[in-house]
Amino acid sequence: MVCSVSICAGEIFELKAELNSDKKEKKKEAVKKVIASMTVGKDVSALFPDVVNCMQTDNLELKKLVYLYLMNYAKSQPDMAIMAVNTFVKDCEDANPLIRALAVRTMGCIRVDKITEYLCEPLRKCLKDEDPYVRKTAAVCVAKLHDINAQLVEDQGFLDTLKDLISDSNPMVVANAVAALSEIAESHPNSNLLDLNPQSINKLLTALNECTEWGQIFILDCLANYTPRDDRESQSICERVTPRLSHANSAVVLSAVKVLMKFMEMLPKDLDYYSTLLKKLAPPLVTLLSAEPELQYVALRNINLIVQKRPEILKHEMKVFFVKYNDPIYVKLEKLDIMIRLASQANIAQVLAELKEYATEVDVDFVRKAVRAIGRCAIKVEQSAERCVSTLLDLIQTKVNYVVQEAIVVIKDIFRKYPNKYESVIATLCENLDSLDEPEARAAMIWIVGEYAERIDNADELLESFLEGFHDESTQVQLQLLTAIVKLFLKKPTETQELVQQVLSLATQDSDNPDLRDRGYIYWRLLSTDPVAAKEVVLAEKPLISEETDLIEPTLLEELICHIGTLASVYHKPPSAFVEGSRGVMHKRLPARTGSGESTESPDVGTAAGGSAPEAAPSIIPSQGDLLGDLLNLDMAPPTTSGPPPPTTGMQMGGMDLLGGGLDSLVGISHSMGAGFGAAPAVMPASLNAPVGGGLGDLFDLGGVGMPMGAYIPPKIVWLPAMKAKGLEISGTFARRAGVIQMELILTNKAMSVMTDFAIQFNRNSFGLAPAGPLQVLTPLGPNQTIEVSLPLSTVGPVMKMDPLNNLQVAVKNNIDVFYFSCQYPISMLFVEDGKMERQVFLATWKDIPNDNESQFQIKDCHLNSDAASSKLQGSNIFTIAKRTVEGQDMLYMSIKLSNGIWVLAELRVQAGNPNYTCRDE
């Protein structure tokens with residue numbers, strides 16, 4: 001911020017006199033004094049008219065000084081600034097091209113609306129000026145004018161003129177026109193100003209060889225936004241951009257790398273040029289690491305992204321990432337990260353030797369990272385695991401406290417990756433128990449003792465030693481200690497009963513931490529009610545950890561690759577995460593690969609015709625805790641419904657009892673958000689923890705008699721919270737319309753990256769529900785966007801009885817991951833329209849149904865008479881076959897047909913003045 005400093009009246013008077021002097025030299029010196037005062041923050045706006053009078057001069061230096069003064073004070077004195085307009089217009093027609101360019105540049109920098117309208121005509125002339133210097137200056141001026149008054153620029157046709165300048169004969173004019181259009185396009189992402197085609201791309205590539213280094217950057221950035229028509233055009237552009245890799249300016253090199261990384265996506269991997277291009281990309285990236293540390297860091301952050309996308313580019317360049325003794329810590333850590341990403345069976349010996357050396361450095365933070373890096377190598381390269389463990393044991397023997405603690409944390413991860421393989425080192429770890437003082441190391445050691453308690457003779461004594469200072473430990477250690485002692489108890493119950501009671505008491509009665517208390521209560525109840533279940537839960541087999549847990553998610557990585565050479569590639573965040581306002585929030589993606597029949601990234605395609613299967617992705621543990629059976633191995637392709645439906649033999653009456661004991665499980669589910677209709681069955685399924693409808697009570701709960709008739713539709717609820725699905729939130733409900741079951745979904749993107757390529761699949765379920773087509777999400781789902789989708793369902797899918805009967809397990813896939821959730825559909829969605837049974841058939845069937853298949857329940861607080869109830873139920877395909885009145889009670893006989901062919905017959909008793917109905921079903 002510049003502070004305004006007052007200037008004395010005498011000084012102002014002297015300057016005013018000098019500015020009005022007849023001597024040119026004296027006048028120029030006076031303007032210099034004014035500019036000097038202005039630069040140090042003195043207020044010299046009182047001299048505005050006198051300085052403006054000095055514009056009438058042929059002296060270029062003086063004119064530049066006056067223009068500088070004008071740009072600074074025009075906004076505070078707009079009325080006075082208009083005095084200079086005539087001079088600007090006159091200067092725009094001056095014989096000297098430097099003066100013409102200076103005038104149009106200054107007018108563009110004066111952000112005053114009153115002056116803007118006078119700028120249009122001079123700007124139009126300068127855009128078509130014979131001198132290229134004037135044209136390139138005018139091109140930038142259009143972008144500045146657009147920022148002040150976008151509508152004026154469009155009305156005056158300057159954007160079209162700017163597009164014409166892309167075909168200009170002078171490369172610098174082309175570069176500035178591209179820069180101006182790119183800047184305008186950023187503030188108007190949907191304007192499609194840079195409508196690039198092969199002809200314009202050819203002109204840009206021609207200009208690329210002749211313009212300045214910053215002009216080359218503008219053109220390369222523009223090329224990166226172009227999507228070639230095919231792999232041949234992509235190769236042609238790559239060939240012409242490749243020479244830029246040898247440029248002395250690192251910004252040009254990174255911009256060229258960005259273009260090549262994007263267009264390589266379209267080149268077939270079996271093409272000779274593809275492998276040639278990979279080899280050409282390595283040397284310029286390596287050369288960037290010989291610059292000063294700040295540039296090295298920027299290069300390393302970009303290389304980190306490139307290595308994640310294409311590690312083969314630098315797989316033979318491991319040595320250049322070895323740390324030098326005089327590297328700053330931020331460069332060291334970044335090199336370390338890239339070393340791990342490039343580690344492979346071929347170079348692991350070299351990497352481990354280097355990392356072991358780093359672990360003896362004096363910089364504590366760097367040593368910790370080096371020890372962790374050894375662990376990451378063990379997890380990434382299985383063949384090196386034994387050597388890594390041996391190296392870690394050597395480091396533990398150094399007895400350096402922080403080295404030992406990091407090594408223990410790392411070994412815990414190795415145990416999880418390779419169970420029952422390296423447990424022989426546990427004795428060595430236990431020797432260092434007393435030296436552990438950091439929470440993470442203590443927690444790791446406790447986990448090891450609890451996990452392998454059966455192999456450690458004195459495991460109870462070791463854990464009891466931690467228990468002595470339980471309340472002084474961090475939450476992380478307390479939680480781990482609680483779990484470890486419960487594990488120990490389940491493995492050695494007779495010896496550790498007192499110990500487990502002690503820790504449960506400490507966790508539940510003496511602790512203020514809600515997380516610790518809740519976990520304590522869960523363990524206590526599990527152990528007291530069902531020790532077998534407790535054993536299955538606590539000692540369950542753990543999924544193997546992956547070496548790729550620190551990778552950037554694929555969608556974000558693609559976007560960051562498109563921003564190589566910008567701040568986004570240094571922060572490893574999309575521009576929308578740190579750029580305020582509307583600029584820079586346009587999401588970019590790499591083009592789909594073409595040319596050799598390779599598979600694209602579409603979730604519903606396995607391998608393209610004639611192509612080979614894509615490379616296996618890293619095995620990353622899904623974040624969803626409850627993996628739902630065989631949903632893990634689902635083919636996400638939409639189900640095929642063209643074939644004949646599966647035979648229904650054995651699913652009619654008398655066959656497989658899908659109702660699980662009668663109609664009570666069908667209609668006894670209480671809808672907690674209604675008015676209380678539908679009593680709960682005698683035994684409520686334990687998994688009904690959401691307000692899910694499905695009973696007759698729900699069908700009555702439509703808001704009164706005056707409501708239009710129609711099938712009951714439950715309100716939408718959240719099925720999959722965003723925190724469990726990497727930012728994707730799914731809400732929904734089920735509806736039956738015109739005989740078709742619809743799954744109505746609301747998809748909300750609460751993540752920072754764009755979501756695309758949605759697909760859905762169901763697990764086998766009680767009634768064979770399956771998607772009748774693909775999930776129609778036709779446009780990318782941007783951050784904070786919501787879309788409503790209606791998915792038609794069929795009932796011809798595979799059948800498996802679920803508990804509860806109406807439970808549905810769902811997998812949703814997008815470009816980020818596969819997510820799993822379960823929901824419950826109202827059984828009424830399965831009531832078909834042809835469910836009205838003939839009276840004679842109804843009577844005969846009613847008599848033949850065994851008494852064992854009968855159930856009875858009450859529907860409470862329903863203030864409808866029998867006719868209104870019958871009419872309302874018919875809207876949900878529950879048909880009244882007959883009605884009779886006995887002792888003041890109306891008895892309605894009803895039939896329901898389910899989508900799988902099962903018939904349900906029901907008797908509904910309604911007594912006038914009694915809000916409770918009795919329902920008997922068979």
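What you are looking at is a predicted structure, and each value in this text was computed from that prediction instead of being measured.

Caption draft 1: Representation of the overall build of the protein chain. Helices and strands together make up the secondary structure of the protein chain, namely 36 helices and 13 strands. Residue pairs in contact within the protein chain that sit at least 24 positions apart in sequence constitute 67% of those at least 6 positions apart. Accessible surface, the protein chain as shown: approximately 42500 Å² in total, 50% of it carbon and sulfur.

Caption draft 2: Focus on the sheet that holds strand E3 (residues 740-749). Here we have five strands laid out as an open sheet, ordered E1-E2-E3-E6-E5, and antiparallel in their pairing. In this open sheet, the two strands that pair with only one neighbour each are strand E1 (717-720) and strand E5 (770-771). Of the strand pairs in this sheet, E3 and strand E6 (residues 786-794) are connected by eight bridges, and their pairing is antiparallel. Counted as the bridge partner of Thr748 is Thr786 from E6.

Caption draft 3: Highlighting the packing of helix H9 (residues 132-148) against helix H12 (residues 171-187). Contact pair H9 / H12: the axes reach a minimum separation of 8 Å and the direction vectors enclose 5°. Taken together, the axes of H9 and H12 lie roughly parallel to each other. Contact with H9, carried on its side by Pro132, Arg135, Lys136, Thr137, Ala139, Val140, Val142, Ala143 and His146, involves Met172, Val173, Asn176, Ala177, Ala180, Ile184 and Ser187 of H12 and no other residues of that element. When the residues that make up the contact of H9 with H12 are grouped by side-chain class, the tally is 10 nonpolar, four polar and two charged.

Caption draft 4: Examining the nonpolar core more closely. In terms of nonpolar packing, the biggest core is built from 210 residues, with Tyr69, Leu123, Leu204, Val241, Leu355 and Phe415 touching the most fellow members. If we skip the residues at most four places from it in the chain, Leu355 touches Leu336, Met339, Ile340, Ala370, Ala373, Ile374 and Cys377. Within the second largest apolar cluster, 51 residues are counted, among which are Leu769, Leu781, Val812 and Met894.

Caption draft 5: Main features of the sheet that holds strand E7 (residues 807-813). On the basis of which strands lie adjacent, the open sheet formed by three strands has the order E4-E7-E8 and antiparallel pairing. The open sheet has two edge strands, strand E4 (759-762) and strand E8 (818-824), and neither has a second partner. Here the strands of the sheet are splayed against their neighbours by 25° on average, with no regard to which way each runs. Bridging between E7 and E8 involves seven bridges; their strand directions are antiparallel. Note that in E8 the partner of Leu808 across the bridge is Cys823.

Caption draft 6: Looking closely at H9. Taking 1.5 Å of rise per residue, the 17 residues of H9 would be expected to cover 24 Å, and the 25 Å separating its terminal C-alpha atoms lies within 8% of that figure. Residues Val134, Arg135, Thr137, Ala138, Ala139, Cys141, Val142, Ala143, Leu145 and His146 constitute the buried set of H9. Two or three places before Tyr133, at the start of H9, stands the capping residue Asp131, its side-chain oxygen 2.8 Å from that residue's backbone nitrogen.

Caption draft 7: Representation of the packing of aromatic side chains. One pass over the full model with this rule turns up 12 aromatic pairs. Here Tyr297 and Tyr330 contribute two aromatic rings whose centre-to-centre distance is 5.5 Å and whose plane-to-plane angle is 90°, an arrangement assigned as edge-to-face. Residue Tyr297 is located in helix H18 (residues 293-309), and its partner Tyr330 is located in helix H19 (residues 329-342); the two are separated by 33 residues in the primary sequence. Given the relative accessible area of 25%, Tyr297 is considered partly exposed. Judged by relative accessible area, which is 34%, Tyr330 ranks as partly exposed. Ring centres 5.4 Å apart and planes at 40° place the aromatic pair Trp719 and Phe734 in the tilted group.

Caption draft 8: Local environment of helix H31 (residues 554-561). Of all the eight residues making up H31, seven are buried; the element is thus mostly covered by neighbouring parts of the structure. When H31 is considered as a whole, its buried residues turn out to be Thr555, Leu556, Leu557, Glu558, Glu559, Leu560 and Ile561. The elements touched by buried residues of H31 are helix H16 (250-263), H18 and helix H32 (567-571).

Caption draft 9: Quick look at the pattern of salt bridges. The tally for this structure, following the rule as stated, stands at 30 salt bridges. As a salt-bridge pair, Arg376 and Asp337 come within 3.2 Å of each other at their nearest N and O atoms. With a gap of 39 residues between them, Arg376 in helix H21 (residues 364-380) and Asp337 in helix H19 connect regions that are remote in the sequence. Its relative accessible area of 28% is what places Arg376 among the partly exposed residues. Between Lys487 and Glu451 there is a salt bridge, with the nearest N and O atoms lying 2.7 Å from each other. Here the residue Lys487 occupies a position in helix H27 (residues 475-491), and Glu451 occupies one in helix H25 (residues 439-451), the gap between them amounting to 36 residues. Comparing Lys487 with Glu451 shows no difference in burial state: the two are buried. A network of salt bridges, in which partner residues are shared, links Arg368, Arg372, Glu406, Glu438 and Glu440.

Caption draft 10: Inspection of a negative patch on the surface at higher detail. Together, Glu461, Glu464, Glu468 and Glu498 make up a region of like negative charge exposed at the surface. With respect to the helices and strands, the residue Glu498 is situated in helix H28 (residues 497-508).

Caption draft 11: Molecular detail of the environment of Val812. Summarising the element assignment, Val812 is placed in strand E7. Among the residues examined, Val812 registers a relative accessible area of 2% and is labelled buried. Measuring from C-alpha to C-alpha, the distance between Val812 and Ile730 comes to 9.5 Å, with 82 residues separating the pair along the chain.

Caption draft 12: Representation of the environment of Ile456 within the structure. Locating Ile456 in the fold gives a position in the loop between H25 and helix H26 (459-467). With relative accessibility at 6%, the residue Ile456 sits in the buried group. Discounting chain neighbours no more than four positions away, the residues touching Ile456 are Ile426, Cys430, Ile448, Val449, Leu462 and Lys492.

Caption draft 13: Here's a closer look at the packing of H25 against H26. Following both chains from N to C, one finds H25 and H26 inclined at 150°, their axes separated by 10 Å at the closest point. By the angle between their directions, the pair H25 and H26 is classed as roughly antiparallel. Pair H25 / H26 crosses with left-handed handedness. Facing H25, whose interface residues are Arg442, Ile446 and Val449, H26 presents Ala459, Leu462, Leu463 and Phe466. Tallied by class, the residues present in the contact of H25 with H26 amount to six nonpolar, no polar and one charged.

Caption draft 14: Main features of the confidence of the model for the protein chain. Here the protein chain shows a mean pLDDT of 78. Residues at 70 or above account for 83%. Segment residues 1-5: pLDDT under 50, and eight contacts once partners within four positions in sequence are set aside and those in other chains are kept.

Caption draft 15: Looking closely at unusual backbone geometry. Cis geometry is adopted by the peptide bond preceding Pro804, which originates at Asp803 and carries an omega value of 0°. If you trace the backbone, Pro804 turns up in the loop between E6 and E7. Look at Lys399: it is not a glycine, yet its phi comes out positive at around 60°. In this structure, Lys399 sits in the loop between helix H22 (385-397) and helix H23 (401-417).

Caption draft 16: Broad picture of the pairing of E4. Residue alternation in E4 divides its side chains into two sets, Ala759 and Gln761 and Ile760 and Phe762, and both sets are buried. In this sheet, E7 lies alongside E4 in antiparallel orientation, the contact comprising four bridges. Bridge assignment links Phe762 to a residue of E7, and that residue is Val810.

Cut-offs applied
Residues numbered from 1 in each chain as written. Predicted model: local features only at pLDDT ≥ 70, side-chain atom pairs only at ≥ 80, totals over all residues. Heavy atoms only, no water. Helix = DSSP H or I, 4+ residues; strand = E, 2+ residues; numbered from the N terminus. Contact = heavy atoms within 4.5 Å. Areas by Shrake-Rupley, 256 points an atom, 1.4 Å probe, with all protein chains shown as cover. Pairing = 2+ DSSP bridges. Axes fitted to C-alpha atoms, helices over the stretch in contact; angles between N-to-C directions. Parallel < 35°, antiparallel > 145°, perpendicular 65-115°, else oblique. Nonpolar A, V, L, I, M, F, W, Y, C, P; charged D, E, K, R; others polar. Core = buried A, V, L, I, M, F, W, Y, C linked by side-chain atoms within 4.5 Å. Buried < 20%, exposed > 50% of the residue type's maximum accessible area, 1.4 Å probe, protein only. Expected span 1.5 Å × (residues − 1). Polar contact = N/O pair within 3.5 Å; in protein donor to acceptor, adjacent residues only side chain to side chain. Phe/Tyr/Trp six-rings, centres within 6.5 Å; stacked < 30°, edge-to-face > 60°. Salt bridge = Lys/Arg side-chain N within 4 Å of Asp/Glu carboxyl O. Patch = residues over 30% accessible without salt bridge, like charges linked within 9 Å, V, L, I, M, F, W, Y side chains within 5 Å. Lys, Arg positive; Asp, Glu negative; His and termini not counted. Charge placed at Lys NZ, Arg CZ, Asp CG, Glu CD. Left-handed = near helix turned anticlockwise from the far one by under 90°. pLDDT = per-residue confidence, 0-100.

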